[in-house]
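Structure assessment
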Amino acid sequence: MQFIDTHAHIYSKKYDSDRDEVVRRSLENGVQKIYMPNVDVESIDAMLEAEHRYPDICIPMMGLHPCDVKKGFEKELYVMEDWLNKRSFVAVGEIGTDLYWDKSLFEEQKEALKIQVTWAKEKGLPIVLHCRESIDETIEIIGALNDEKLTGIFHCFTGSVEQAKRITEMGFLLGIGGVSTFKNGGLDKVLPEIGLDNLVLETDGPYLAPVPHRGKRNSPEYIPLIAQRVGDLTENTLEKVSEITNLNANKVFNRSEL
């Protein structure tokens, strides 16, 4: 059985001591693709090195994470736009908004998001959205920008049934990760109402490890644990979860390998 991790920072320094082993164990557990969201200018080299080291497994995106939007963020965007113009990436991400850490730069976050959405439309790429403590705000922004050219993933979805339906009605997928395994994560109420056709699997490694690894470093090798939980909540077999979420991931990223 094969799986896709649609969101993992495998280039993170938290894997520097054992990255080869993590990728090996991920493959052994059936995880054939690891999609890598970029976060800032400094992360680009490490991300592209992971792509070089694990070709056809680790696949890069390009974008500026909302938590890395600072005063003068335009300089970072110039660098990223240059990268998007000189080679291919599968998505513009990780982009979005974040009202958890710092609310003072929300206007800058919104401006950076809108600029990067414009890139995605121009290049026919999906977007991968971060929206911690800002799901409604992000839905509103994307709703205003949405058209037939725009698609993507609301990564690390932890919202309500109503929010999930608003997102899927816009044509976006929900990225489901380790929170689905948390006792009070809330997704046990959402996933039965939404169904597999609107979901992709992700770890967000090294963050948000699923039970029984909660509180430790997350890893793409744990995707089967998330898939099993999604299967339990949606009353589907693990094989069906693998099949449908792989189809969804390949469609949104315009790929056909799995």
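Use the structure listed above.
What counts, and at which threshold
- Residues numbered from 1 in each chain as written.
- Predicted model: local features only at pLDDT ≥ 70, side-chain atom pairs only at ≥ 80, totals over all residues.
- Heavy atoms only, no water.
- Helix = DSSP H or I, 4+ residues; strand = E, 2+ residues; numbered from the N terminus.
- Buried < 20%, exposed > 50% of the residue type's maximum accessible area, 1.4 Å probe, protein only.
- 1 Å grid on protein atoms, 1.4 Å probe; cavity = no way out; pocket = protein on both sides within 12 Å on 5 of 7 lines; lining within 4 Å.
- Points joined across faces, edges and corners; volume = space filled by probe spheres on them.
- Nonpolar A, V, L, I, M, F, W, Y, C, P; charged D, E, K, R; others polar.
- Pairing = 2+ DSSP bridges.
- Axes fitted to C-alpha atoms, helices over the stretch in contact; angles between N-to-C directions.
- Contact = heavy atoms within 4.5 Å.
- Parallel < 35°, antiparallel > 145°, perpendicular 65-115°, else oblique.
- Left-handed = near helix turned anticlockwise from the far one by under 90°.
- Phe/Tyr/Trp six-rings, centres within 6.5 Å; stacked < 30°, edge-to-face > 60°.

1. Looking at unusual backbone geometry
- Here Gly-205 and Pro-206 are connected by a cis peptide whose omega angle stands at 15 degrees.
- As for its position among the elements, Pro-206 is in the loop between strand S8 (199–201) and helix H8 (223–234).
- The omega angle of the peptide bond from Val-211 to Pro-212 is 15 degrees, so this bond is cis rather than trans.
- Among the structural elements, Pro-212 can be located in the loop between S8 and H8.
- With a phi close to 60 degrees, Asp-204 is a non-glycine residue in the positive phi region.
- Along the chain, Asp-204 turns up in the loop between S8 and H8.
- By relative accessible area, Asp-204 is classed as buried at 8%.
- Of note, Glu-235 is a non-glycine position whose phi angle comes to about 60 degrees, a positive value.
- Its place among the elements puts Glu-235 in the loop between H8 and helix H9 (238–252).
- On the basis of relative accessible area, Glu-235 is assigned to the exposed category, the value being 75%.

2. Details of the layout of surface pockets
- Of the pockets and cavities examined, the largest pocket occupies roughly 780 Å³.
- Taken together, 27 residues make up the lining of the largest pocket; nearest its centre are His-65, His-130, Arg-132, Asp-204 and Tyr-207.
- Elements that contribute at least two residues to the lining of the largest pocket include exactly strand S4 (92–98) and strand S5 (127–132).
- Within the lining of the largest pocket, the residues separate by chemical class into 11 nonpolar, 8 polar and 8 charged.

3. Brief notes about the sheet that holds S8
- Across the sheet, which stays open at both edges, the 5 strands sit in the order S4-S5-S6-S7-S8 with parallel pairing between neighbours. Two strands lie at the open edges of the sheet, namely S4 and S8, each paired on one side alone. Adjacent strand axes in the sheet meet at a mean angle of 30 degrees, parallel and antiparallel pairs treated alike.
- Summarising the sheet, S5 and strand S6 (residues 152–154) pair through 3 bridges and their orientation is parallel. The partner of Ile-127 across the bridge, within S6, is Gly-152.
- Across the sheet, H9 touches S6, strand S7 (173–176) and S8, and the angle it forms with S8 is around 95 degrees.

4. Here's the deal with the packing of helix H4 (residues 106–123) against helix H5 (residues 135–145)
- In contact at an axis separation of 11 Å, H4 and H5 are set at 40 degrees when each is read in the N-to-C sense. Relative to H5, H4 is oriented oblique. Every pair of crossing elements has a handedness; the one defined by H4 and H5 is right-handed. Where H4 approaches H5, its residues Phe-106, Lys-110, Leu-113, Lys-114, Val-117 and Lys-121 are matched on the opposing element by Glu-137, Ile-141, Ile-142 and Leu-145.
- In terms of residue class, the contact of H4 with H5 is made up of 6 nonpolar, no polar and 4 charged.

5. Some remarks on the sheet that holds strand S2 (residues 31–36)
- Spatial ordering of the open sheet is given by S1-S2-S3, a layout of 3 strands whose pairing is parallel. Where the open sheet ends on each side, the last strands, each with one partner, are strand S1 (3–5) and strand S3 (58–60). Adjacent strand axes in the sheet meet at a mean angle of 20 degrees, parallel and antiparallel pairs treated alike.
- Pairing between S1 and S2: 3 bridges, direction parallel. Bridge assignment links Ile-4 to a residue of S2, and that residue is Lys-33.
- Sitting on the sheet, helix H2 (residues 44–53) touches S2 and S3, and the angle it makes with S3 is about 140 degrees.

6. Some thoughts on the packing of aromatic side chains
- The tally for this structure, following the rule as stated, stands at 3 aromatic pairs.
- Arranged with centres 4.0 Å apart and planes meeting at 15 degrees, the rings of Tyr-35 and Phe-253 form a pair that is stacked. In this pair, Tyr-35 sits in strand S2 while Phe-253 sits in the segment after H9, placing the two residues 218 residues apart along the sequence.
- Accessibility expressed as a relative area gives 3% for Phe-253, which makes it buried.
- Between Phe-154 and Phe-172, the aromatic rings sit 5.6 Å apart at their centres with planes inclined by 85 degrees, giving edge-to-face as the arrangement. Linking Phe-154 in strand S6 with Phe-172 in the loop between helix H6 (161–169) and S7, this pair joins segments that are 18 residues apart in sequence.
- Residue class for Phe-172 comes out buried when judged on its relative accessible area of 1%.

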